[in-house]
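So you can see what is in the structure, the chains are spelled out below.
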Amino acid sequence: MGGSFTRLLGWVPKFLREIMVTEPSAVLNCYGSIDRFRRSVDMGVSIAKLIIRYRLSGKVDYGGDWLRLFEDMASTDLLVQPDQPAVVVDDYVQFLENTAKSSNVVLLGPLVPTPIDLMVLISSGRLSNNYLASVVNYIINYIGDYVVTSRDLTEALLRLISDQEYINFVRSTGLPIIMN
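Residues numbered from 1 in each chain as written. Predicted model: local features only at pLDDT ≥ 70, side-chain atom pairs only at ≥ 80, totals over all residues. Heavy atoms only, no water.

> Any details on the packing of aromatic side chains? Residues and values, ideally.
Here the structure, examined in full by the defined rule, presents five aromatic pairs. When the centroid spacing of 6.4 Å and the interplanar angle of 5° are considered together, the rings of W66 and F70 count as stacked. Here W66 pairs with F70, and both are found in helix α3 (residues 62-74), just four residues apart, close to one helical turn. Take W66: its relative accessible area is 2%, and that puts it in the buried class. Summarising the aromatic geometry, the rings of Y142 and Y146 are spaced 6.4 Å apart at their centres and angled 70° between planes, so their arrangement reads as edge-to-face. Taken as a pair, Y142 and Y146 lie in helix α6 (residues 132-147) at a separation of four residues, close to a single helical turn. Just as Y142 is buried, Y146 falls in that class too. Put simply, the rings of Y131, Y138, Y166 and F169 touch in pairs and so form one group of aromatic residues. (Phe/Tyr/Trp six-rings, centres within 6.5 Å; stacked < 30°, edge-to-face > 60°. Helix = DSSP H or I, 4+ residues; strand = E, 2+ residues; numbered from the N terminus. Buried < 20%, exposed > 50% of the residue type's maximum accessible area, 1.4 Å probe, protein only.)

In structure tokens:
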């Protein structure tokens, strides 16, 4: 299960409760470390600072502060999934990294990249820099309009993926979207 860079979507605890009832002898491992969690929290604070700076000044340094911040995140260790009977994924970037490595992947909910996932893909070179300005604008809107005003991160993601303009944008990148 990925760290999802500070998001814990509602279907993760639901899945864990269900698996404890249906398969009480199942062994579940999360492959994130406390250091990875700390980096995620630090990243959240840094993103908030950039959004506040934008809200105060109206200016965005797309290629500077934003790209540099996510390059640091992309250079951190990716989760390595051991050879297990099934891999449960709640993180878009980890999904892209691990689906080819595992024959049994369990998806807990819709798999649509958040703008933050898109920025990680841009900063790691897996998505073109041509999308940079749009992705930064989507991050600002996602955090400011969805995350801050939602009850939880599950609601924020569901609101994001119901935004047809955003979904069309993601489709324009050629990245896979799985709505279940």
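The structure having been displayed, the exposition proceeds.
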